[in-house]
Amino acid sequence: MEVKTSLLDNMIGVGDMVLLEPLSEDSFIANLRNRFDHNEIYTYIGSVVISMNPYRSLPIFTPEKVEEYRNRNFYELSPHIYALADEAYRSLRDQDKDQCILITGESGAGKTEASKLVMSYVAAVCGKGQEVNKVKEQLLQSNPVLEAFGNAKTVRNDNSSRFGKYMDIEFDFKGDPLGGVISNYLLEKSRVVKQPRGERNFHIFYQLLSGASDDTLKKLKLDRDFSKYNYLSLDSAAVNGLDDAANFRTVRNAMQIVGFMEDEVQSVLELVAAVLKLGNIEFKPESRCNGNDESRIRDKNDLKEMCELLGTEQTVLERAFSYRTVEAKQEKVCTTLNVAQAYYARDALAKNLYSRLFSWLVTRINESIKAAPKSRHKVMGVLDIYGFEIFEENSFEQFIINYCNEKLQQIFIELTLREEQEEYVREGIEWTNIEYFNNAIICDLIENHQNGILAMLDEECLRPGTVTDETFLDKLNTICAEHLHFESRLSKSSKFLTDHSLPHNCFRIQHYAGKVLYRAEGFVDKNNDLLYRDLSQAMYKANHSLMKQLFPEGNPAKVNLKRPPTAGFQFRHSVGTLMRNLQTKNPNYIRCIKPNDKKASHIFTDSLVCHQVRYLGLMENVRVRRAGYAFRQAYEPCLERYKMLCKRTWPHWRGPAREGVEVLMADLTVPAEEFSFGRSKVFIRNPRTLFFLEERRRQCLQDLATLIQKIYRGWKCRSHFLLLKKSQIVVAAWYRRYAQQNKYKRIKSATTVVQSYTRGWQARKLLRELKYQKRCEEAVTTISAYWHGTQARMELRRLKQEARNIHAVTVIWAYWQGTKARRELRQLKEEARNKHAVSVIWAGWQGTKARRELRRLKEEARRKHAVAVIWAYWKGLKVRREYRKFFRANAGKKIYNFTIQRIMQKYFLGLKSTMPSMSPIDKSWPVKPYLFLDGVHSELRRIFHLWRCKKYRSEFTEEKKAVFEEKLEASEIFKDKKALYASSVSQPFMGDYLEISKNPKYQKLNSAMDEKVLLADVVNKINRANGKGTARIFLLTKNSVVLADQKTGQVKASVPLPDLTSVSVSTQSDGFFALKLKEGSASAIKGDFLLSSEHLIEIITKLHRTGATAADSEQLNIDISDEFLVQFKHDKVCVKFIQGAPKNGNSVSCKRKNNRLLEVSVPSTV
Ligand SMILES: Nc1ncnc2c1ncn2[C@@H]1O[C@H](COP(=O)(O)OP(=O)(O)OP(=O)(O)O)[C@@H](O)[C@H]1O
Ligand SMILES: [Mg+2]
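Parameters at a glance
- Residues numbered from 1 in each chain as written.
- Chains lettered and ligands numbered in written order.
- Predicted model: local features only at pLDDT ≥ 70, side-chain atom pairs only at ≥ 80, totals over all residues.
- Heavy atoms only, no water.
- Helix = DSSP H or I, 4+ residues; strand = E, 2+ residues; numbered from the N terminus.
- Rg over C-alpha atoms; globule rule 2.2 N^0.38 Å.
- Buried < 20%, exposed > 50% of the residue type's maximum accessible area, 1.4 Å probe, protein only.
- Donors = N, O, S within 2.8 Å, 3.2 Å for Na, K, Ca; no water.
- Pairing = 2+ DSSP bridges.
- Axes fitted to C-alpha atoms, helices over the stretch in contact; angles between N-to-C directions.
- Contact = heavy atoms within 4.5 Å.
- Salt bridge = Lys/Arg side-chain N within 4 Å of Asp/Glu carboxyl O.

*Asks:* Even after reading the chapter, I still don't get the overall build of the protein, so can you show me in this structure?
*Replies:* The secondary structure content of the protein amounts to 32 helices and 31 strands. For the protein, the C-alpha radius of gyration of 68 Å lies well beyond 32 Å, the compact-globule estimate for 1166 residues. The dimensions of the protein, computed from C-alpha atoms along their principal axes, are 195 × 160 × 85 Å. When each of the 1166 residues of the protein is scored for burial, the buried share is 44%.

*Asks:* Can you help me understand the coordination of the magnesium ion (ligand 2) in this one?
*Replies:* Six octahedral donors around a metal ideally sit at 90 or 180 degrees from one another, while four tetrahedral donors ideally sit at 109.5 degrees. The magnesium ion (ligand 2) binds to the protein through T112 (OG1) and S161 (OG), with metal-donor distances spanning 1.9 to 2.0 Å. Residue T112 is found in helix α4 (residues 111-125), and its partner S161 is found in strand β5 (residues 160-161); the two are separated by 49 residues along the sequence.

*Asks:* What is the right way to read the sheet that holds strand β17 (residues 631-634) from this model?
*Replies:* Strand pairing in a sheet is mediated by backbone hydrogen bonds. Such pairs are either parallel or antiparallel. Spatially, 3 strands are ordered β17-β19-β18 in an open sheet, and the strand pairing comes out antiparallel. In the strand order of this sheet, the two ends are held by β17 and β18 (675-677), each with one partner. Along the sheet, successive strands turn relative to each other by an average axial angle of 15 degrees, direction set aside. Here β17 runs beside strand β19 (residues 681-684); their pairing, made up of 4 bridges, is antiparallel. Bridging from a neighbouring strand, Q633 pairs with V682 of β19. Its contacts with the sheet place helix α25 (residues 657-667) against β18 and β19, and it is angled at close to 155 degrees to β18.

*Asks:* Explanation requested: the pattern of salt bridges in the structure shown.
*Replies:* Oppositely charged side chains can pair when the atoms bearing their charge come close. Summed over the entire model, instances satisfying the criterion amount to 67 salt bridges. Ionic pairing is found between R632 and E423, a salt bridge with its closest N-O pair at 3.1 Å. Here R632 is found in strand β17, whereas its partner E423 is found in helix α14 (residues 396-427), with 209 residues between them in sequence. Each member of the pair, R632 as well as E423, carries the same accessibility label: buried. Overlapping salt bridges, with partners in common, bring together R162, E188, R191 and E199 in one network.

*Asks:* Would you explain α25 in this entry?
*Replies:* Side chains three or four residues apart in an α-helix point the same way, a direct result of the helix having 3.6 residues per turn. What α25 keeps buried is the set A657, G660, V661, V663, L664 and M665. Backbone geometry just after α25 places T669 at a positive phi near 50 degrees.

These results come straight from atomic positions and should not be treated as a statement about function.
Shown next as structure tokens:
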């Protein structure tokens, strides 16, 4: 069962101020303090969330917390900003109501942090997906960019937003974010040129100087040292806990995620740098002849660099700082600027440049995050605007900010009450009007079109003539004097004439949140917000990519003589739009409170909190809320929570929840005026009633706990008793069994004893009888033994005598027997000798007899065979004679022929299927089937082989034929004669190894040949002096052999084939060959050639073939021997081939041994 929790569970103080009892400012603050001390920074006033700034990170913003608050009702868990965000998101998603989240509070109270928490919560709970995540990331990353350019350190807040921000997040029907629109309000641009003591300029300046790389700074013409820039205050350049360099990286990364292009980022940084440079421009007076001082730029270096950054002409800007052109209708008047005016112009330019850059950034972010236009989007707006401010000196900015807060307060009151009223109407509850302070009157004082302060300020600014802050104050004093919330010393109202807290140059407004004294000085200037036209035109002319967008009024083609709208006007207009926008949405309020002025955790300053509680109107808020009904709850959860207070509803109420609550209230006798029944909710007027219910519930819970305890204890004791009872039965059973067992054992042993005595007695009796019997038997036995002994001894004596007699007889007998045996043995031996002689004779006779028998049997067998043959012949004859009449005379021959034919047919058909392949080298042939076909079988094999060879040859092309012919010829010349031949068989004869006709290297040599080159290869020409080889190109044409230099291709020798008589080669595996020349021929002058080649077999074969075909040559002799003579000039040298030891990888070596001998050693492995 799901456990329903409530805001009221484990509550520290009171979680909802509406329930505070008694309600007073003190109890309100004490409750806030109590909760703050227990780290409860959020407290509700109904649906409004009060947020205390903890100034430290609390573990309440974890993903687990997000999950805890996700899809839970607002009052189900302890107060949290996530509960508000969840409520807003769910009613946007499920009820299709546009939402706005209004975050208010003074500077440093935590508005910006709260807005980020809301956005991050919504991002965490809404849909997921690649596209959605990208949108979320862009929306979240817009914050760091805007904070860098729009936030600054102030005395109140290290990260104070110096602009107002309203962001509309757009969702689709499923609640997935689609994009957003950001509106910005009045950036505090005066900060660009001047910062109060202890405060800083906008973060981006410090971030850029600390975090940018040296290279970037160089490009921007900047120096890392803050002190070099007049616009940067130094007294708090470094802020505790702020890492400007790291933040710069975060900002750049965020810009990239949001979608800024690299060149856009560069342009933005250039403008930031330009603002810094602008601050360094200083002026000096230069006297003119008319006596006026004219300003001149003191050091033009900064101006020059700034102009380079902006792409403007230096002279144009220089002139704009010295002169001012005023155009009125057709006239143009040019006046000079003095030093003060030049400084004013410079600062105005810096402020405008920066604030316009900021607005451009917002527009650019909007471009990136805008949702695709669709029919309808659901919208959630988050407003994070500067809070109500009361300073020692309040100026135009505070006036504007407080006006904005006044408007927000108004909308707060209006919407809160309206919402409250609507709920009562919806629920059908009677509604009585509630009195509250409506600040519409103050808003009217400020914004009224006719006589509002802003309207009068505008009127003053636009009025011709001298306009000063004093004239403006005078005007206020006359027009607003009667207003209840306007106070001024010089107003007609006499009551302030003596009020010394009100200086003459000030006016005071009683805002809803307190009285604020405004100094009139600067109002007119700030409202005018003037930038001299010369400057805006100079900016427009700049060559920088953003300038034309930032200063459109500088376009000379569109000179607008109308004054631009004043700052006050613009602000009033945008606040009006904002209010109209907010009114269309369901508001959710977060009211931020700052616990102390020290930015420190754990410190709660009562006076400061009290001040904020007052001006935020929180007490009023509670009162308004309580004026109707302090507490309301739907019937189901109400009944669920309090049903134990009534017997009829406890533990289960079977009817409708409303009736259950009615019964409950009646039973509790709660006075009828204390509550009302709405359509779906019960409304409780006074918190006391709720606390009464809670107290009763608490007591009842205690009673219930006691009851549960009682029942549990009863159950426990009973269980224990039953257990004991059960155990007792078991124990008794075991005991009885044990006692019976013992009794049985005793009886059993007694029986055994009696039995044993009886058995003993019987046994002894038997034993006595047996013993007697035994003694009798022994006596008989002894007597008989004695008798038998006597008998036996007598018999023994007799037998011994007899044996002695028998022994004597035996000995005599043995002697006689021995004599007889020996005699007989002699006789037997004699007899055996005779028998052996007889058996030898018998064996010889038997052999003769057996041979004779064998001969006889053989003769008989021959005869039997002859008889069988004769019988068979005779039988055949008889059969033929008997069957002759049935056959024709030549039938036998026919049958024979037929049989033979059948056999042949079968043979040939069998041969057809077992035929070997068509390869000429296939040696297989089917086995012969019949003996009589032996000759035919081998003849067929021969014919088949010849036929398939013929077939094979018939497929030859002419070239292939020539190749085979060459191979055949090589075989005829070298087979079994030269060892090298075997390795050449598998190598194809390629002829032109050098590709002489294609290779450009040999082009010249090729063209020198008259005939087609039949063979081209590189050979070694053996030097006759030392036997070393030199590479030569060997060419064979139809008519000659040519030797040429391998590198140059120059012909060294050309021998016509007829001059070649023979070629000598060895029988071994070397590639040496000698070309012998015809004696007396022109070629033979230098002698024969001794060459060596890898393609020896091919060369010689080709030479042999070419020699044979050359018309006028004789047959070329091929001499194959291991020793031959070679003619070298006049000497004949013997070339001798010997078999060397096998050497790995070593080739043939040739050495000159002496004048007559050249020895070639051929390794046996080659
Ligand atoms: N919920 C929080 N948890 C922790 N620290 C917080 C929280 N809210 C605010 N702070 C701290 O307070 C500082 C000021 O908060 P924040 O900038 O939100 O104030 P602000 O109301 O926006 O002020 P301003 O009006 O000047 O912009 C933060 O920088 C942060 O250090
Ligand atoms: Mg802020």
